[in-house]
Amino acid sequence: MSESEIVRMYVHKIQAFVVANEELCEDFKAPFLEYKQLWTLDIVESLNAFLIDNAEPVSAVGEEDGDDAVMEKLDGPLAPKAEPPLHLFDAEIAQYLKQANAISQLPSVANRGWLRIDSKPVKQALATWVNKWQYRYTEYLQQSIETTLVELRDFMAAIFQGLSREVEPDDAEALLKAMTCIRDVRLRNDTVSGLFDPLRGKVALLRRYGVTLGEEYMDMLENAPYDWTNTTKATY
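Everything numeric in this text was worked out from a predicted model, so none of it was measured. (Residues numbered from 1 in each chain as written. Predicted model: local features only at pLDDT ≥ 70, side-chain atom pairs only at ≥ 80, totals over all residues. Heavy atoms only, no water.)

When helices and strands are tallied, the protein chain shows nine helices and two strands. For the protein chain, the sequential pattern of α-helices and β-strands runs α-α-α-α-α-β-β-α-α-α-α. The buried share of the protein chain, taken over its 236 residues, is 32%. The contacts in the protein chain between residues at least 6 apart in sequence include a share of 78% that link residues at least 24 apart. With an accessible surface of roughly 15000 Å², the protein chain has 54% of that area assigned to carbon and sulfur atoms. (Helix = DSSP H or I, 4+ residues; strand = E, 2+ residues; numbered from the N terminus. Buried < 20%, exposed > 50% of the residue type's maximum accessible area, 1.4 Å probe, protein only. Contact = heavy atoms within 4.5 Å. Areas by Shrake-Rupley, 256 points an atom, 1.4 Å probe, with all protein chains shown as cover.)

And the structure:
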């Protein structure tokens, strides 16, 4: 066998060995690529699509009485918000928690042929991404609770302030403000009364995933039903 033939033989063997090793590496990479949606999809856009596609229709105020005029007036603070049911949030968050556990089980180091693969940086990156996705959903729920409680607190404060002013018989402006406060409370009574259980459900769901609200918001939620009752009483 000539020298050139020997060289060609070894080159062929090396090439075959490299190809075989490449296939082994591709097989090793495959489980990691199962999570490529974590970095290829936009988190904010995906959350917005989830909120829109799964939103439950909002029951309009006055719907039973056919009062379309009232239905149109209920906007601004404490207006009903179309959101997905809580069990769908639970399913989404649980999915990312499951993915995080699966990612932690992926191999950190492996030998493939003549290569030693260190996949720890990839696992760390995947874990970071999956935490970002999970956080985006829990953050939405937390902000939803806090925003609603702040809106309710500010609304009740505005009502008490509006009704605290004594109305003189000839003070049409003060009378109009007082009547507006009474109307606003009555328009929102059913909506606000139906807020508390869903808010508690969101708090309980977040707690299951290790997210707790600040003490200020927990106190607001605990006192909200009583404060709302006092607010409605002030309009009579």
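Here helix α8 (residues 196-208) spans 19 Å end to end across 13 residues, near enough to the 18 Å set by a 1.5 Å rise per residue. Burial in α8 covers these residues: F196, L199, K202, V203, L205 and L206. Of the residues flanking the end of α8, it is G210, one or two places downstream, whose phi is positive at about 80 degrees. (Expected span 1.5 Å × (residues − 1).)

Turning to the packing of helix α5 (residues 86-104) against α8, a few remarks are in order. A pair of packed helices is captured by two measures, namely the crossing angle of their axes and the spacing between those axes. Where α5 contacts α8, the two axes come as close as 11 Å, and the packing angle between them is 10 degrees. Relative to α8, α5 is oriented roughly parallel. Only G201, K202, L205 and R208 of α8 make contact with α5, whose side of the interface consists of L86, F89 and D90. Within the contact of α5 with α8, the residues separate by chemical class into three nonpolar, one polar and three charged. (Axes fitted to C-alpha atoms, helices over the stretch in contact; angles between N-to-C directions. Parallel < 35°, antiparallel > 145°, perpendicular 65-115°, else oblique. Nonpolar A, V, L, I, M, F, W, Y, C, P; charged D, E, K, R; others polar.)

Moving on, we come to the pairing of strand β2 (residues 115-118). Summarising the sheet, strand β1 (residues 109-112) and β2 pair through four bridges and their orientation is antiparallel. Paired with R112 across the strands is L115, a residue of β2. Between the antiparallel neighbours β1 and β2 lie two residues, among them G113 with a positive phi of about 65 degrees. (Pairing = 2+ DSSP bridges.)

Together, I14, F17, V18, W114 and L115 make up a nonpolar patch on the protein surface, roughly 490 Å² of accessible area in all. In terms of residues, the nonpolar patch owes the most to one element, helix α1 (residues 3-33), which gives three residues. Relative to the helices and strands, I14 resides in helix α1. Classification of I14 by relative accessible area gives exposed; the value is 54%. (Patch = residues over 30% accessible without salt bridge, like charges linked within 9 Å, V, L, I, M, F, W, Y side chains within 5 Å. Salt bridge = Lys/Arg side-chain N within 4 Å of Asp/Glu carboxyl O.)

Turning next to the environment of D227. Within the secondary structure layout, D227 lies in helix α9 (residues 215-234). Residue class for D227 comes out partly exposed when judged on its relative accessible area of 34%.

In this section: the pattern of salt bridges. Side chains bearing opposite charge may pair, as long as their charged atoms lie close to each other. For the coordinates displayed, the defined rule picks out eleven salt bridges. One salt bridge in this structure joins D90 and R208, with 3.2 Å as the shortest N-O distance. Of this pair, D90 sits in helix α5 while R208 sits in helix α8, placing them 118 residues apart in sequence. Overall, R208 belongs to the exposed group, its relative accessible area being 57%. Among the charged side chains, a network of salt bridges with common partners joins R153, D154 and E216.

Position of L206 among the secondary structure elements: in helix α8. Separated by 113 residues in sequence, L206 and I93 place their C-alpha atoms 9.7 Å apart. Discounting chain neighbours no more than four positions away, the residues touching L206 are T138, L141, Q142, I145, V211 and L213.

Turning next to the packing of aromatic side chains. With the rule as written, the count across this model stands at seven aromatic pairs. The interplanar angle of 80 degrees and the centroid separation of 5.1 Å between the aromatic rings of F50 and F89 together place this pair among those described as edge-to-face. Of the two residues, F50 is situated in helix α3 (residues 43-53) and F89 in helix α5; the sequence distance between them amounts to 39 residues. Accessibility classification places F50 together with F89 in one group, the buried group. With 5.3 Å between their ring centres and 70 degrees between their planes, F50 and Y137 make a pair best called edge-to-face. (Phe/Tyr/Trp six-rings, centres within 6.5 Å; stacked < 30°, edge-to-face > 60°.)

The analysis is restricted to geometry; functional conclusions fall outside its scope.
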